[in-house]
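# Notes for the structure review
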Amino acid sequence: MKILVVQQKKIGDVLVSTIICNNLRIAYPNAQIDFLAYESTIDVLKGNPNIDNVILFKDKHRKDKLELLKLGLSIRKSKYDLVIDAYSKLESWILVLLSGGKRKISYKKPGRTFIYTDNVPFAESPETNKGLAIESRLSLLEPLHLNIELDPVPKLYLSESEINEAKLLFKKHSVNTERKTILISILGSEIEKTYPPKFMVQIIDYIAENFDVNILFNYFPSQLIEAQDIYSQCSEKAKKNIYFDLLGSDLRSFIGLMNECDLIIGNDGGAINMAKALDKPSFIIFAPILEKKLWATFEDGKKHVTVHINDYEPQLSKNMSRSQLKNANSELYQAFKPDFFLELIKGFIQLNLFEPKE
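All of these numbers come straight from a predicted model, not from anything done at the bench.

### Things to note about the pattern of salt bridges
Oppositely charged side chains can form a pair if their charged atoms are brought close together. Under the defined criterion, the tally for this structure stands at 20 salt bridges. One network of salt bridges, with partners in common, ties together Lys10, Glu190 and Lys193.

Printed below as a string of structure tokens:
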């Protein structure tokens, strides 16, 4: 049996969609399971024993219709028995249509049902604390009636050499391994998803004031100036515990560093999803423009905690349309003060790092 799972988009989306492969491997241990994703996301697929081949969707496939056609025809040559489209946008519709797959599964969308043999309704709200991002992926397996207990947790796989490399990097930067280590996702992938830096500084100072822990910053190299600005505003006490220059050279290196950390706090994004896939506790600060129900995966108020302006000041955005919310995002962020949830952060750290495990 030959299976293709399609998931373009960002790192978080790709990582979550690997649960489809993980469960298919349990159900069909001898199947060939391939995964199609953007080239920029390949690092979260490396080492996954449930994926046999990664088909790269490159920039040329987005920019050139002829290249997209060539990709579709090359997929067709593989003669897949099953194609699962977890992306379900124009790019994937074309590829699935060209794939010639015997069975094709995706979300039910008006005017697109003819492409697939099985069209799965997309739920508006999650039914459990797994979150909509997880539940929607698992729903794509329902038409197969798999006789297994589904595993909903995305996973990352590191080699022994990658684990050792991260340990050596900690040693190189003289990280005090006698202390617990917290990774703080200080900046979002874009300004609209970034908690105001002045507020993030308050959070960092609060953590340093209340806990003797190592603090690592997560940010893109292109965000260095913004990261330096946040660091410069931190208290002297916080600066003593911040290892500002300890940063992964690439995504796999970052995953290795995350593996050495004990938990993550900060802006929602790929780093949070990768931390969860490494079984690390997470505290997420959601942007006002985002809906918690999609990416608040496994939220239980203990190991995984999320906060959103609507948790504290729901009237501020009540009855706002999507466009109104987008225009008000910055203003709502300014109203989303750290004082709302600093005690919650304190309890989260205390519970996950310093209290005995049950």
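Still more ground to cover, so stick around.
### Quick notes on helix 10 (residues 251-260)
Note that an α-helix has 3.6 residues per turn; residues three or four places apart therefore point the same way. Burial analysis of helix 10 places 9 of its 10 residues in the buried class, the great majority of the element. The complete set of buried residues in helix 10 reads Leu251, Arg252, Ser253, Phe254, Ile255, Gly256, Leu257, Met258 and Glu260. Contacts made by the buried residues of helix 10 are with helix 1 (11-27), helix 6 (160-172), strand 7 (181-185), strand 8 (214-218), strand 9 (263-267) and helix 11 (270-277). Near the N-terminus of helix 10, the side chain that reaches the backbone nitrogen of Arg252, with its oxygen 3.3 Å away, is that of Asp250.

### Considering the sheet that holds strand 11 (residues 304-307)
Overall, parallel pairing links the 5 strands, which are arranged 8-7-9-10-11 in an open sheet. Each edge of the sheet is formed by a strand with only one pairing partner; in this case those strands are strand 8 and strand 11. Pairwise comparison of adjacent strand axes, ignoring direction, gives a mean angle of 15° for this sheet. For strand 7 and strand 8, the ladder comprises 5 bridges, and the chain directions are parallel. Paired with Thr181 across the bridge in strand 8 is Asn214. Strands in contact with helix 7 (residues 197-210) are strand 7, strand 8, strand 9 and strand 10 (282-285); relative to strand 7, the strand with the most contacts, it is inclined by about 175°.

### Remarks on the environment of Phe298
One can find Phe298 in the loop between helix 12 (292-295) and strand 11. Placed 185 residues apart in sequence, Phe298 and Thr113 show a C-alpha to C-alpha distance of 31 Å. Beyond its immediate stretch of four places on either side in the chain, Phe298 contacts Asn129, Lys130, Ile134, Pro152, Val153, Pro154 and His304.

### A word on the layout of surface pockets
If you add up the space inside the largest pocket, you get close to 1,400 Å³. Taken together, 49 residues make up the lining of the largest pocket; nearest its centre are Lys10, Gly12, Asp13, Lys193 and Trp295. Only helix 1, helix 5 (132-139), helix 10, helix 11 and helix 12 provide two or more residues apiece to the lining of the largest pocket. Sort the elements by how many residues they give to the lining of the largest pocket and helix 11 lands first, with 4 residues. By residue class, the composition of the lining of the largest pocket is 20 nonpolar, 16 polar and 13 charged.

### Description of the packing of aromatic side chains
Applying the stated criterion to the full structure yields 15 aromatic pairs. Ring plane angle 80° and centroid distance 5.6 Å describe the contact between Tyr195 and Phe336, whose orientation is recorded as edge-to-face. Of this pair, Tyr195 sits in the loop between strand 7 and helix 7 while Phe336 sits in the loop between helix 13 (322-335) and helix 14 (342-354); the two residues are 141 residues apart in sequence, bridging distant segments of the chain. Judged by its relative accessible area of 0%, Tyr195 is buried. A residue is classified by how much of its surface remains accessible, and Phe336, at 0% relative accessible area, is buried. Of the aromatic side chains, those joined through ring pairs into one cluster are Tyr195, Phe199, Phe283, Tyr312, Tyr333, Phe336, Phe340, Phe341 and Phe348. Sitting over the face of the ring of Tyr80, Lys2 holds its NZ or CZ atom 5.7 Å from the ring centroid.

What counts and what doesn't
- Residues numbered from 1 in each chain as written.
- Predicted model: local features only at pLDDT ≥ 70, side-chain atom pairs only at ≥ 80, totals over all residues.
- Heavy atoms only, no water.
- Salt bridge = Lys/Arg side-chain N within 4 Å of Asp/Glu carboxyl O.
- Buried < 20%, exposed > 50% of the residue type's maximum accessible area, 1.4 Å probe, protein only.
- Helix = DSSP H or I, 4+ residues; strand = E, 2+ residues; numbered from the N terminus.
- Contact = heavy atoms within 4.5 Å.
- Polar contact = N/O pair within 3.5 Å; in protein donor to acceptor, adjacent residues only side chain to side chain.
- Pairing = 2+ DSSP bridges.
- Axes fitted to C-alpha atoms, helices over the stretch in contact; angles between N-to-C directions.
- 1 Å grid on protein atoms, 1.4 Å probe; cavity = no way out; pocket = protein on both sides within 12 Å on 5 of 7 lines; lining within 4 Å.
- Points joined across faces, edges and corners; volume = space filled by probe spheres on them.
- Nonpolar A, V, L, I, M, F, W, Y, C, P; charged D, E, K, R; others polar.
- Phe/Tyr/Trp six-rings, centres within 6.5 Å; stacked < 30°, edge-to-face > 60°.
- Lys NZ or Arg CZ within 6 Å of the ring centre and 35° of its normal.

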